[in-house]
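# Observations on the three-dimensional arrangement
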Amino acid sequence: MAKVALITGVNGQDGSFLCELLLEKGYDVHGMVRRTSQFSRGRIEDTRQRALSQGRVFELHYGNMSDPSSLHRILAASRPDEIYNLASQSHVGVSFEEPEHTTEINATAVLRLLECVRHIGLKARFYQASSSELYGHVAEAPQTELTPFQPLSPYAIAKLYAYWIVRSYRETYGMHASNGILFNHESPRRGENFVTRKITYSLARIKAGLQPVLKLGNLDARRDWGSAQDYVQAMWLMLQQPQGDDYVIATGETHSVRDFVERAATRSGFDIAWTGTGVDEKGVDRRTNRVLVEIDPRFYRPVDVDRVQGDASKAFRQLGWRPTVTFDALVNLMMDADLDRVARESGGRA
Ligand code: GDD
């Protein structure tokens, strides 16, 4: 009998890679999707059509993390062996604008889902999408599973609740439940309002003459950027262990937003130089003197985590997991994908 997996947030970047991985491994896959007025399954529709044409199970269920009856219905109908809770209000910046909604989805709803699992009496293994944002005002670098959490944003504080409630269910009820403390992970499927994708998509549009300039906030924030496709492997590996546990998943390298812009600009044929400071800083193409990057204070956050760098030694040791995509390769991959995409969108004129 095929194993059954349920993925909440299946149509997000990570959900789309995870459902492909689980289908490859022979799982029956169920995904929970929110109803939206616009079609929001672009990342998974091809996979779903392919799976259905091969007679595989890839079923989507309307549901909402705020609606306990929908969670109950989906769990009872799918009876999963493994649950991957990827549903989230995933934008840290937006969490300052919508703190209560963020807390509802990223904290309370995780408890709700765990309670539904317990009340139905499912023996499912549980993966929780935890985050390097928990480290907040970072106490040390690099960060491990033992580094103190000092979260800063409403997003991170809600994720901290989720982290502890998952540990509590593991310890109190003996549930096989794991937190994947994932550092930033990217791909051409990343949403356009996260900084990496915003950079690659905007530079491709500038190149094609479709956008005048790329406007960014904090250029000096440092992140540990890995490949989303690598990171979903780690999620699956966590649920194959004899016990639930918590793992940092990271590359160990840290780069600034500025580094990301420079490499993406080089890949797209620009040669960027920085002039000015603070909000007056600009990124200028040396060859043409054209301004490519400007600072827009609207993209500053009230507080920002500034040095994120993970130490994934525990995952290397216990899961046998390794990141396979370097920073340069990741930037190139994303930049090339957006150059292609914009060329297609503009009818090959780019
Ligand atoms: N989004 C965005 N837009 N970020 C900008 C911009 C901008 O115009 N300009 C500078 N930044 C800076 C942010 O201030 C932050 O320091 C950094 O770029 C990265 O921002 P995001 O790409 O939005 O990601 P994040 O680090 O806040 O959070 C992501 O990674 C976490 C760890 O895996 C999200 O995916 C979270 O959901 C996830 O938990």
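The present account deals with the structure reproduced in this document. (Residues numbered from 1 in each chain as written. Predicted model: local features only at pLDDT ≥ 70, side-chain atom pairs only at ≥ 80, totals over all residues. Heavy atoms only, no water.)

### So, the overall build of the protein chain
When its secondary structure is counted, the protein chain shows 11 helices and 15 strands. Taking 2.2 N^0.38 as the reference for a compact globule, 350 residues should give roughly 20 Å; the C-alpha atoms of the protein chain span a radius of gyration of 21 Å, in line with that estimate. C-alpha atoms of the protein chain, sized along the principal axes, occupy 65 × 50 × 40 Å. Counting across all 350 residues of the protein chain, residues that qualify as buried make up 53%. Of the accessible surface of the protein chain, which amounts to about 15300 Å², a share of 48% is contributed by carbon and sulfur atoms. A gap of 3 Å separates the mean positions of the 43 positive and 43 negative side-chain charges of the protein chain. (Helix = DSSP H or I, 4+ residues; strand = E, 2+ residues; numbered from the N terminus. Rg over C-alpha atoms; globule rule 2.2 N^0.38 Å. Buried < 20%, exposed > 50% of the residue type's maximum accessible area, 1.4 Å probe, protein only. Areas by Shrake-Rupley, 256 points an atom, 1.4 Å probe, with all protein chains shown as cover. Lys, Arg positive; Asp, Glu negative; His and termini not counted. Charge placed at Lys NZ, Arg CZ, Asp CG, Glu CD.)

### Some details on the sheet that holds strand S6 (residues 177-182)
Ordered by their spatial adjacency, 7 strands build an open sheet running S3-S2-S1-S4-S5-S6-S11, and the pairing between neighbours is parallel. Whereas interior strands pair on both sides, the edge strands pair on one side only; in this sheet they are strand S3 (58-62) and strand S11 (246-249). Neighbour-to-neighbour, the strand axes of the sheet open up by a mean angle of 20°, direction not taken into account. Bridge count for S6 against S11 is 4 bridges, and the pairing is parallel. The partner of glycine 180 across the bridge, within S11, is tyrosine 247. (Pairing = 2+ DSSP bridges. Axes fitted to C-alpha atoms, helices over the stretch in contact; angles between N-to-C directions.)

### Concerning the sheet that holds strand S14 (residues 282-285)
If you trace the 4 strands from one edge of the open sheet to the other, you get S8-S15-S14-S13, paired in mixed fashion. With one partner strand each, in any of the chains shown, strand S8 (214-216) and strand S13 (272-275) form the two edges of the open sheet. Strand after strand, the sheet turns through a mean of 20° between neighbouring axes, direction not considered. Relative to S14, S13 is paired through 4 bridges, and the arrangement is antiparallel.

### Here's the deal with the side chain of arginine 41
Tracing the sequence through the fold places arginine 41 in the loop between strand S2 (28-33) and helix H2 (45-53). One buried charged side chain, arginine 41, makes no salt bridge at all; its nearest oppositely charged neighbour is glutamate 45, positioned 4.9 Å away. (Salt bridge = Lys/Arg side-chain N within 4 Å of Asp/Glu carboxyl O.)

### A closer look at the packing of helix H1 (residues 13-24) against helix H8 (residues 228-239)
Where H1 contacts H8, the two axes come as close as 9 Å, and the packing angle between them is 60°. Comparing their axes, H8 and H1 come out oblique. Along this stretch, H1 crosses H8, giving a crossing that reads as right-handed. Mapping the contact onto sequence places Gln13, Asp14, Phe17, Leu18, Leu21 and Leu22 in H1 and Ala228, Gln229, Val232, Gln233, Met235 and Trp236 in H8. Its residues placed into classes, the contact of H1 with H8 shows 8 nonpolar, 3 polar and 1 charged. (Parallel < 35°, antiparallel > 145°, perpendicular 65-115°, else oblique. Left-handed = near helix turned anticlockwise from the far one by under 90°. Contact = heavy atoms within 4.5 Å. Nonpolar A, V, L, I, M, F, W, Y, C, P; charged D, E, K, R; others polar.)

### Section: the packing of aromatic side chains
Inspection of every chain in the model, using the stated rule, returns 11 aromatic pairs. Between tyrosine 84 and tyrosine 127, the aromatic rings sit 6.1 Å apart at their centres with planes inclined by 40°, giving tilted as the arrangement. Placement of the pair is tyrosine 84 in strand S4 (residues 82-85) and tyrosine 127 in strand S5 (residues 125-131), with a sequence separation of 43 residues. Residue class for tyrosine 84 comes out buried when judged on its relative accessible area of 0%. The structure contains a cluster of three or more aromatic residues connected by ring pairs, namely Tyr135, Phe149, Tyr163, Trp164 and Phe183. The lysine or arginine in question, arginine 118, covers the ring of tyrosine 173, its NZ or CZ lying 4.2 Å from the ring centre. The ring of tyrosine 201 is capped by arginine 197, whose NZ or CZ atom sits 5.4 Å from the centre of that ring. (Phe/Tyr/Trp six-rings, centres within 6.5 Å; stacked < 30°, edge-to-face > 60°. Lys NZ or Arg CZ within 6 Å of the ring centre and 35° of its normal.)

### Considerations on the environment of glycine 252
Mapped onto the secondary structure, glycine 252 falls in the loop between S11 and strand S12 (255-256). Relative accessible area serves as the criterion here: at 29%, glycine 252 is assigned to the partly exposed category. Considering only alpha carbons, one finds glycine 252 and serine 346, 94 residues apart in sequence, at a separation of 38 Å. Not counting residues within four places of it along the chain, the set of residues in contact with glycine 252 comprises Asp224, Gln309 and Gly310.

### Description of the pairing of S4
Here S4 shows no split at all, with Glu82 and Tyr84 on one side and Ile83 and Asn85 on the other all buried. Pairing analysis gives 4 bridges linking strand S1 (residues 4-8) to S4, with the strands arranged parallel. By the bridge assignment for S4, isoleucine 7 is matched with tyrosine 84. Both S4 and S5 contribute to a ladder of 4 bridges, which runs parallel. For isoleucine 83, the partnering residue across the bridge sits in S5 and is phenylalanine 126.

### A word on the site of the ligand
The local shell around the ligand holds 24 residues, among which Ser90, Ser131, Tyr155, Arg301 and Asp304 are the closest. One of the side-chain N or O atoms of arginine 301 is found 2.6 Å from an oxygen atom in the ligand. Partitioning the shell around the ligand into residue classes produces 10 nonpolar, 8 polar and 6 charged. (Near = heavy atom within 4 Å. Polar contact = N/O pair within 3.5 Å; in protein donor to acceptor, adjacent residues only side chain to side chain.)

### Topic: helix H7 (residues 195-207)
Each full turn of the α-helix corresponds to 3.6 residues, which orients residues three or four apart in the same direction. In this model H7 runs 18 Å from its N-terminal to its C-terminal C-alpha over 13 residues, within 8% of the 18 Å that 1.5 Å per residue would give. The buried fraction of H7 is high, at 10 of 13 residues. Looking at H7, one finds that the buried residues are Thr196, Arg197, Lys198, Ile199, Thr200, Tyr201, Ser202, Leu203, Ala204 and Ile206. Positive backbone phi, approximately 75°, marks glycine 209, located one or two places after H7. (Expected span 1.5 Å × (residues − 1).)

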